[in-house]
Amino acid sequence: MFSPAATLGSPTRPTFPTSAAMSHPTSYGRQWHRFDTTQVKCLLLENVHPVAVAALEAAGYQVETVKGAMSEETLLARIGDVSFLGIRSKTKVTARVLAAAPRLLAIGCFCIGTNQVDLEAASKRGVAVFNSPYANSRSVAELTIANIVNLSRQLGDRNKEMHAGNWNKVSAGCYEVRGKTLGIVGYGHIGSQLSVLSEALGIRVVYHDVLQIMPLGSARQLRSLDELLGCADFVTLHVPETVDTKNMITARELAAMKKGAYLINASRGTVVDIEALAAALRSGHIAGCAVDVYPVEPAANGVGSFQSALCGCPNTILSPHIGGSTEEAQRAIGLEVSRAVLAYVTEGASAGSVNLPNLSLKPLVANPMTIRLVNIHRNVPGVLRKINMLLSAFNIERQASDSNGEVAYMVADVTLDQGRLEDELRSIHEGISKLEENIMVRVFY
């Protein structure tokens, strides 16, 4: 990793410099100077793990932490001077919030999902968004195993009865999980780990996925969701939130499940029709459910803040979106997201970004005359030709470019002339900044 000596933001969308830069992107008459990294402001919300705080502070950044989520109005008032925003699943980063953040370089979602961020608006403003899609997979898989056992033994109901002082020793409707069939909907990182853990308990595993995926162990892939629903004793959902997965499980799908089967949802709250599930539980067609995610969730912890049609349903385990909430998972997420953000802010490497093209970069050439040029622009024909015309007088050591929808990302390591570094830096930066298609440009040297 090279030690970044300077960056310069774009005059079309001013960005906060990462280590050294001109004090204002349009002040071309000012001298470049060593920048104080403690002026880079990071705002971390929703109890982001301390390991992320430590990593950012070790880089010299100013870090502010907030325990809970922020509403749009509160965030609008706080984000104006923020360079990096860290959130989990509750804070919503809307186009309006992004428009109020002229210095924002990156957003870190310290969780799996990124649906809480307007990714299209972030891309158009040159703000990179990072997440951690796999770090909490094991934690979610383990919670699902626990729920399978708890549901099959009605432990949730027995626990409530004991706390109320009632002794109710029964075996009716309680089963071993050995020999039962688990139907996994979504055989990704969580689903596949769950498959292995389940077979170790003697559970038969079938799964359905929109992709053809090689099974692990003795698991079998089924061709349709209906086929899975009709044969599984336990159905567990591990799918992303998309147009196709919204209300994936409605009254029709619940009726297609075996009578006495169980449903587990630790994916996204919009995947299941909650009212239909409550009706199926009360009718006895569904023997029990475990739900960790909901269509609407409270923004913060609090007594009386949660309401659901599932409350009071028989053999129903409700948990407050804690599938990935283990110390191990949160630490791993904190490390993964903070490292990805630091690599982007200090080197221009976009690997791991969900909205920008992913470019993994080698360290900058150890030459004081070599700079790294990073540019985000609209993905239209002719932009690279214009940029390369501006660079044609110099030696381009390395260049990489890729696109993602309407946005393209270009990185070039360029060696400038001895004795004319500052003039040439200004010329390159100003020339690219004036391009109609430019979104953001930074220069590292």
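Now for a description of the structure that goes with this document. Note that the coordinates shown come from a computational prediction; the quantities given were computed from them, not determined experimentally. (Residues numbered from 1 in each chain as written. Predicted model: local features only at pLDDT ≥ 70, side-chain atom pairs only at ≥ 80, totals over all residues. Heavy atoms only, no water.)

**So, the overall build of the chain**
Helix and strand counts for the chain come out as 13 helices and 18 strands. Overall, the C-alpha framework of the chain stretches about 85 × 45 × 35 Å when taken along its three principal axes. Counting all 445 residues of the chain, 51% fall into the buried class. Put simply, 63% of the contacts in the chain that link residues at least 6 apart link residues at least 24 apart. About 19900 Å² of surface is accessible on the chain, with carbon and sulfur atoms providing 53% of the total. Mean positive and mean negative side-chain charge positions of the chain (41 and 40 charges, respectively) differ by 3 Å. (Helix = DSSP H or I, 4+ residues; strand = E, 2+ residues; numbered from the N terminus. Buried < 20%, exposed > 50% of the residue type's maximum accessible area, 1.4 Å probe, protein only. Contact = heavy atoms within 4.5 Å. Areas by Shrake-Rupley, 256 points an atom, 1.4 Å probe, with all protein chains shown as cover. Lys, Arg positive; Asp, Glu negative; His and termini not counted. Charge placed at Lys NZ, Arg CZ, Asp CG, Glu CD.)

**Structural notes on the nonpolar core**
Grouped together as the largest cluster of nonpolar side chains are 32 residues, with contacts concentrated most on L44, L56, F84, F110, Y344 and I376. When residues of this core are traced back to their parent elements, those giving at least two are β3 (41-44), α1 (50-58), β7 (128-130), α11 (327-347), β15 (370-378), β17 (407-415) and β18 (438-444). The biggest single contributor to this core is α11, with 7 residues. Excluding anything up to four places from it in sequence, F110 contacts L44, V48, A52, F84, G86, I87, R88, Q330, I333, G334, V337 and S338. Among the nonpolar cores identified, the runner-up in size contains 30 residues, and L222, V235, V271 and V272 belong to it. (Core = buried A, V, L, I, M, F, W, Y, C linked by side-chain atoms within 4.5 Å.)

**Some remarks on the pairing of strand β16 (residues 395-404)**
Inspection of the sheet shows β16 paired to β17 by 9 bridges, in the antiparallel sense. For S403, the partnering residue across the bridge sits in β17 and is A408. Between β16 and β17, which pair antiparallel in sequence order, lie 2 residues; one of them, G405, sits at a positive phi of approximately 70°. (Pairing = 2+ DSSP bridges.)

**What to know about the packing of aromatic side chains**
Within the structure shown, the criterion is met by 6 aromatic pairs. A centroid spacing of 4.7 Å and a plane angle of 15° characterise the contact between F234 and Y262, whose relative ring orientation is stacked. Residue F234 is located in strand β11 (residues 234-237), and its partner Y262 is located in strand β12 (residues 261-265); the two are separated by 28 residues in the primary sequence. Among the aromatic residues, ring-to-ring pairing joins F130, Y344 and Y409 into one connected group. For the cation-ring pair, R442 lies above Y344, with the distance from its terminal atom to the ring centre recorded as 5.0 Å. (Phe/Tyr/Trp six-rings, centres within 6.5 Å; stacked < 30°, edge-to-face > 60°. Lys NZ or Arg CZ within 6 Å of the ring centre and 35° of its normal.)

**Details of the pattern of salt bridges**
Enumeration according to the criterion identifies 21 salt bridges in this entry. Residues R158 and E161 are paired through a salt bridge, measuring 2.8 Å at the closest nitrogen-oxygen approach. Within this pair, R158 and its partner E161 are both found in helix α6 (residues 155-163), separated by 3 residues, close to a single helical turn. Through salt bridges with shared partners, one network takes in K41, E64, R78 and D81. (Salt bridge = Lys/Arg side-chain N within 4 Å of Asp/Glu carboxyl O.)

**Focus: helix α10 (residues 274-283)**
Among the residues making up α10, those that are buried are I274, A276, L277, A278, A280 and L281. Its buried side turned inward, α10 meets α9 (251-256), β12, β13 (286-291) and β14 (316-318). Between a side-chain oxygen at the N-terminus of α10 and the backbone nitrogen of E275 the separation is 3.2 Å; the capping residue is D273. Following α10 by one or two positions, G284 has its phi on the positive side, about 90°. (Polar contact = N/O pair within 3.5 Å; in protein donor to acceptor, adjacent residues only side chain to side chain.)

**Some points on the sheet that holds β14**
Two strands in a sheet stick together by hydrogen bonds in their backbones, pointing the same way (parallel) or opposite ways (antiparallel). The strand order across the open sheet formed by 7 strands is β10-β9-β8-β11-β12-β13-β14, and the pairing between neighbours is parallel. Edge positions in the open sheet fall to β10 (220-221) and β14, since each of these has one partner strand only. Note: strand β8 (residues 181-185) against β11, 4 bridges, orientation parallel. If you follow L182 over to β11, its bridge partner there is F234.

**Here's the deal with the packing of α1 against α11**
The N-to-C vectors of α1 and α11 enclose an angle of 25°; their axes lie 7 Å apart at closest approach. For the element pair α1 / α11, the angle class is roughly parallel. Crossing hand, α1 versus α11: right-handed. Here α1 contributes V51, A52, A55 and L56 to the contact with α11, which in turn contributes R331, G334, L335, S338 and L342. (Axes fitted to C-alpha atoms, helices over the stretch in contact; angles between N-to-C directions. Parallel < 35°, antiparallel > 145°, perpendicular 65-115°, else oblique. Left-handed = near helix turned anticlockwise from the far one by under 90°.)

**Here we look at the side chain of T181**
Among the structural elements, T181 can be located in strand β8. A distance of 3.3 Å separates polar atoms of two side chains, one belonging to T181 and the other to R204.

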